[in-house]
Amino acid sequence: MSSAHWLQYVSCQNDEVGAESFDVGIMSFSQDEKKHVARWEKVSHAAIEAGAPTPYRAYDPNIQDESNQFFFISEAELPHYQEYMMVTPKKLVDYMEANRSRLRRIEVDETQVFRRSAESLGESFEPVSVFDIWLSGLENMKLTDSEDIAGEIDAELEKQSAGEVIGAGQTVGEDHHNIAVKNEPGKNKQALACIRRVLKRLKADPTTTEIWEQKADGEDHVGHALD
């Protein structure tokens, strides 16, 4: 089955609910099935104010030159791309329920399922505010490795006692890097200031840098300007 048959590309914000919180199934895919489709996302108002030519940024993994894989498109071009979705686990379930008739059930072999005991889950967890930082064009920054950038942010957060980096990585084969930050209770403004300070010092591009804050109440992400 070609990757073109996938219904929707989704990035799931774990919101402190990781793989240790539920059963995990591992599926095997062909190289074609693992190929990401071209997609678009709406940039923040801050990115528009910083000079983004349109509200819509596209990503096409089929372009060989990685420096050209991200580009801006018009609203009329949106039907040629798949919308990029970032959701919480609850919203992912809602999306699946709404599209149940369009989904095909794939059975995963029992040997590929890893189960967690009820005792390991705990009775409850406290939601926390998390900043999701999305970067591209690292070759133009003072540091070109996302782990190094995350280290600089973590050091600044520690210095201000404002929070910590809780994850860093990139979408495989793509110039799309993510750094996740959890702020200390009551210090989200200080954590945001630390993030901005480091990214500006490292010359992050304000038109391709996204800072999204997932509020503790689980509402939609709030976009923040780099400046």
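None of these values were measured; they are calculated from a predicted model.

(A) Representation of the overall build of the chain within the structure. A count of helical and extended segments in the chain gives five helices and 13 strands. In the chain, which comprises 227 residues, the proportion classed as buried is 37%. For the chain, contacts bridging at least 24 residues in sequence account for 68% of all contacts bridging at least 6. As presented, the chain carries roughly 13,400 Å² of accessible surface, and 49% of it is formed by carbon and sulfur atoms.

(B) Seen up close, the confidence of the model for the chain. The pLDDT averaged across the chain works out to 79; a share of 78% of its residues lies at or above 70. Mean pLDDT across the elements of the chain bottoms out in helix H3 (residues 118–121) (46) and peaks in helix H5 (residues 188–201) (93). Low pLDDT (under 50) marks residues 118–127, which in the prediction has eight contacts with non-local residues, meaning those over four places away or in another chain.

(C) The pairing of strand S11 (residues 177–183), seen in detail. Within S11, six of the seven residues are buried, leaving the element largely enclosed by the surrounding structure. Across six bridges, the pairing between strand S9 (residues 130–135) and S11 is antiparallel. Residue Asp-132 lies in a different strand from S11, and its bridge partner there is Ala-180. Where strand S10 (residues 163–170) meets S11, seven bridges bridge the pair, whose relative direction is antiparallel. Bridge pairing links Gly-169 to Asn-178 in S11.

(D) Structural view of the sheet that holds S11. Reading across from one edge, S10-S11-S9-S12-S13 is the order of the five strands in this open sheet, with antiparallel pairing throughout. If you trace the sheet from one side to the other, it starts and ends with S10 and strand S13 (222–224), each paired once. Ignoring strand direction, the axes of neighbouring strands in this sheet form an average angle of 25°. Relative to strand S12 (residues 210–214), S9 is paired through five bridges, and the arrangement is antiparallel. Across the sheet, the residue bridging to Trp-134 is Glu-210, located in S12. Contacts from helix H4 (residues 146–159) reach S9, S10 and S11 within the one sheet, and its direction differs from that of S10 by about 175°. Along the sheet face, H5 touches S9, S11, S12 and S13 and points at about 15° away from the line of S9.

(E) Quick look at the sheet that holds strand S4 (residues 56–59). Here we have four strands laid out as an open sheet, ordered S5-S4-S3-S6, and mixed in their pairing. At either margin of the open sheet sits one strand with a lone partner, and together these are strand S5 (70–73) and strand S6 (82–83). Inspection of the sheet shows strand S3 (residues 39–42) paired to S4 by four bridges, in the antiparallel sense. Note on S4: the bridge partner recorded for Glu-41 is Arg-57.

(F) Region of the structure containing the packing of H4 against H5. Where H4 contacts H5, the axes come no closer than 9 Å and their chain directions differ by 135°. Classed by the angle they form, the pair H4 and H5 counts as oblique. Crossing of H4 over H5 shows right-handed handedness. In this structure, H4 contributes Ile-149, Glu-152, Ile-153, Glu-156 and Leu-157 to the contact, and H5 contributes Ala-191, Cys-194, Ile-195, Arg-197, Val-198, Leu-199 and Arg-201.

(G) Fine view of the nonpolar core. With 23 residues, the main nonpolar core has Ile-149, Ile-153, Ile-179, Val-181 and Leu-199 as its most contacted residues. Counting residues per element, the ones that place at least two in this core are S9, H4, S11 and H5. If one sorts the elements of this core by residue count, H5 sits on top with six residues. Beyond its immediate chain neighbours, meaning those up to four positions away, Ile-153 contacts Ile-133, Val-165, Ile-179, Val-181, Ile-195, Val-198 and Leu-199. Ranked by size, the runner-up nonpolar core spans seven residues in total, among them Trp-40, Tyr-56, Ala-58 and Leu-78.

(H) Structural context of the pattern of salt bridges. Here the structure, examined in full by the defined rule, presents six salt bridges. Here Arg-100 makes a salt bridge to Glu-97, at a shortest N to O gap of 2.5 Å. The exposure class of Arg-100 is exposed, given its relative accessible area of 53%. Of the charged contacts, one joins Glu-156 and Arg-197 as a salt bridge, the two residues approaching to 2.9 Å between their closest N and O atoms. Within this pair, whereas Glu-156 is found in helix H4, its partner Arg-197 is found in helix H5, the two being separated by 41 residues in sequence. Overall, the relative accessible area of 10% leaves Glu-156 in the buried class. With relative accessibility at 37%, the residue Arg-197 sits in the partly exposed group.

Cut-offs and rules
- Residues numbered from 1 in each chain as written.
- Predicted model: local features only at pLDDT ≥ 70, side-chain atom pairs only at ≥ 80, totals over all residues.
- Heavy atoms only, no water.
- Helix = DSSP H or I, 4+ residues; strand = E, 2+ residues; numbered from the N terminus.
- Buried < 20%, exposed > 50% of the residue type's maximum accessible area, 1.4 Å probe, protein only.
- Contact = heavy atoms within 4.5 Å.
- Areas by Shrake-Rupley, 256 points an atom, 1.4 Å probe, with all protein chains shown as cover.
- pLDDT = per-residue confidence, 0-100.
- Pairing = 2+ DSSP bridges.
- Axes fitted to C-alpha atoms, helices over the stretch in contact; angles between N-to-C directions.
- Parallel < 35°, antiparallel > 145°, perpendicular 65-115°, else oblique.
- Left-handed = near helix turned anticlockwise from the far one by under 90°.
- Core = buried A, V, L, I, M, F, W, Y, C linked by side-chain atoms within 4.5 Å.
- Salt bridge = Lys/Arg side-chain N within 4 Å of Asp/Glu carboxyl O.

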